[in-house]
Amino acid sequence: MDPFASIRVFQQYQMTCRTVTDYFLAYIGETEFDDLKTLLQQISDTSEVYFKFAEKEIKNYDKLRSFQGRGEAIKVLNIEKEKPNTFTAENIQCCRKIISDTDGTTLSQIQDNIRDTNKKMISTYETAHRRLLQIHRNTFNNISEKVQKQADSILYL
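Trainee: Just to check I follow, could you spell out the overall build of the chain for this structure?
Mentor: For the chain, the helix and strand inventory stands at four helices and zero strands. Across the chain, helices and strands are ordered from the amino to the carboxyl terminus as α-α-α-α. Computed over the C-alpha atoms, the radius of gyration of the chain is 25 Å, more than 25% above the 15 Å expected from 2.2 N^0.38 for a compact globule of 157 residues. Expressed along its principal axes, the backbone C-alpha trace of the chain runs to roughly 95 × 30 × 20 Å. Looking at the chain as a whole, 29% of its 157 residues are labelled buried. Of all intrachain contacts in the chain linking residues separated by at least 6 positions in sequence, the fraction that spans at least 24 positions is 79%. Total accessible area on the chain is roughly 11200 Å²; 54% of this is exposed by carbon and sulfur atoms. Here the chain contributes 22 positive and 22 negative side-chain charges, whose respective centroids are spaced 6 Å apart.

Spelled out as structure tokens, the structure:
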């Protein structure tokens with residue numbers, strides 16, 4: 001499990017969550033906006049939920065990254081204790097922070113947190129995302145009916 005890669009993926013996902021409605025709005029006009037308002041709001045709300053999940057995952061993987069570096073941080077501090085001024089003050093401070101951030105933490109706890117967040121994300125998919133798909137279907141069915149009525153009225157003129 002590469003925490004660096006996972007963090008990068010979740011950060012990219014967060015950017016997508018923040019920009020998805022902007023891209024959508026760029027392709028619709030004022031007349032379509034009223035028809036799509038409910039769908040756009042639901043997309044925005046769902047994106048915000050997933051953004052928060054990504055934030056939790058980033059914290060989980062950041063904790064894993066720190067945990068994986070704990071052993072090296074301890075070694076650096078031991079070397080510094082034996083041979084002072086071997087490392088910079090910044091290195092020493094970083095190592096102390098890693099140790100402080102991971103004190104009392106086990107790999108099992110971190111994995112459990114990741115697993116719990118993933119389960120909650122899946123549960124949200126099964127509710128919020130499916131509701132979004134239903135709104136999507138209804139919205140475009142309504143638009144299709146509206147367009148069909150307009151086409152029929154034009155043909156009957």
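Trainee: Sorry if this is basic, but what is going on with helix α3 (residues 89-102) here?
Mentor: Note: α-helices contain 3.6 residues per turn, so residues at a spacing of three or four share the same orientation. Taking 1.5 Å as the rise per residue, α3 with 14 residues should run 20 Å; its terminal C-alpha atoms sit 20 Å apart, in good agreement. Close packing links the buried residues of α3 with α2 (30-82). Just downstream of α3 lies G104, where phi reads positive at about 75°.

Trainee: I would appreciate a short explanation of the side chain of T105 in the present structure.
Mentor: Position of T105 relative to the elements: it lies in the loop between α3 and α4 (107-155). Not counting the four nearest positions on each side in its chain, T105 is found in contact with K63, F67 and I110.

Trainee: I keep staring at the packing of aromatic side chains and nothing clicks. Help me out?
Mentor: Aromatic ring pairs are defined here through the distance separating the ring centres and the angle between the ring planes. Under the criterion given, the structure shown has three aromatic pairs. Here Y50 and F53 contribute two aromatic rings whose centre-to-centre distance is 6.3 Å and whose plane-to-plane angle is 45°, an arrangement assigned as tilted. Of this pair, Y50 and F53 both sit in helix α2, three residues apart, which is roughly one turn of the helix. According to the relative accessible area criterion, Y50 is buried, its value standing at 8%. Relative accessible area serves as the criterion here: at 8%, F53 is assigned to the buried category. Members of the aromatic cluster, connected to one another through ring pairs, are Y13, Y50 and F53. Over the ring of F51 we find R18; its NZ or CZ atom is 3.6 Å from the centre of that ring.

Trainee: Which parts of the structure should I look at to understand the nonpolar core?
Mentor: Note that soluble globular proteins tend to have their nonpolar side chains buried in a common cluster. Core analysis: the biggest nonpolar cluster contains 13 residues, and F10, Y50, Y61 and M121 have the highest contact counts within it. Elements with a minimum of two residues in this core: α1 (3-26), α2 and α4. Per-element accounting of this core gives the leading share, seven residues, to α2.

Trainee: Please clarify how the pattern of salt bridges should be interpreted in this entry.
Mentor: Pairs may arise between side chains of opposite charge once their charged atoms sit close together. Within the structure shown, the criterion is met by seven salt bridges. Its salt-bridge partner being E48, residue R18 comes within 2.5 Å of it at the nearest N-O pair. A residue pair is termed long-range when its members are at least 10 positions apart, and R18 in helix α1 and E48 in helix α2 qualify at 30 residues. Residue classification places E48 among the partly exposed residues on the basis of a relative accessible area of 28%.

Trainee: Can you walk me through the packing of α1 against α2 in this structure?
Mentor: Helix packing for two helices is described by the angle between their axes and how far apart those axes are. Viewed as axis vectors pointing N to C, α1 and α2 meet at an angle of 165°, and their least axial separation amounts to 8 Å. By the angle between their directions, the pair α1 and α2 is classed as roughly antiparallel. Once α1 is placed against α2, the crossing between them reads as left-handed.

The rules behind the values
Residues numbered from 1 in each chain as written. Predicted model: local features only at pLDDT ≥ 70, side-chain atom pairs only at ≥ 80, totals over all residues. Heavy atoms only, no water. Helix = DSSP H or I, 4+ residues; strand = E, 2+ residues; numbered from the N terminus. Rg over C-alpha atoms; globule rule 2.2 N^0.38 Å. Buried < 20%, exposed > 50% of the residue type's maximum accessible area, 1.4 Å probe, protein only. Contact = heavy atoms within 4.5 Å. Areas by Shrake-Rupley, 256 points an atom, 1.4 Å probe, with all protein chains shown as cover. Lys, Arg positive; Asp, Glu negative; His and termini not counted. Charge placed at Lys NZ, Arg CZ, Asp CG, Glu CD. Expected span 1.5 Å × (residues − 1). Phe/Tyr/Trp six-rings, centres within 6.5 Å; stacked < 30°, edge-to-face > 60°. Lys NZ or Arg CZ within 6 Å of the ring centre and 35° of its normal. Core = buried A, V, L, I, M, F, W, Y, C linked by side-chain atoms within 4.5 Å. Salt bridge = Lys/Arg side-chain N within 4 Å of Asp/Glu carboxyl O. Axes fitted to C-alpha atoms, helices over the stretch in contact; angles between N-to-C directions. Parallel < 35°, antiparallel > 145°, perpendicular 65-115°, else oblique. Left-handed = near helix turned anticlockwise from the far one by under 90°.

Geometric values such as these leave the question of function open.
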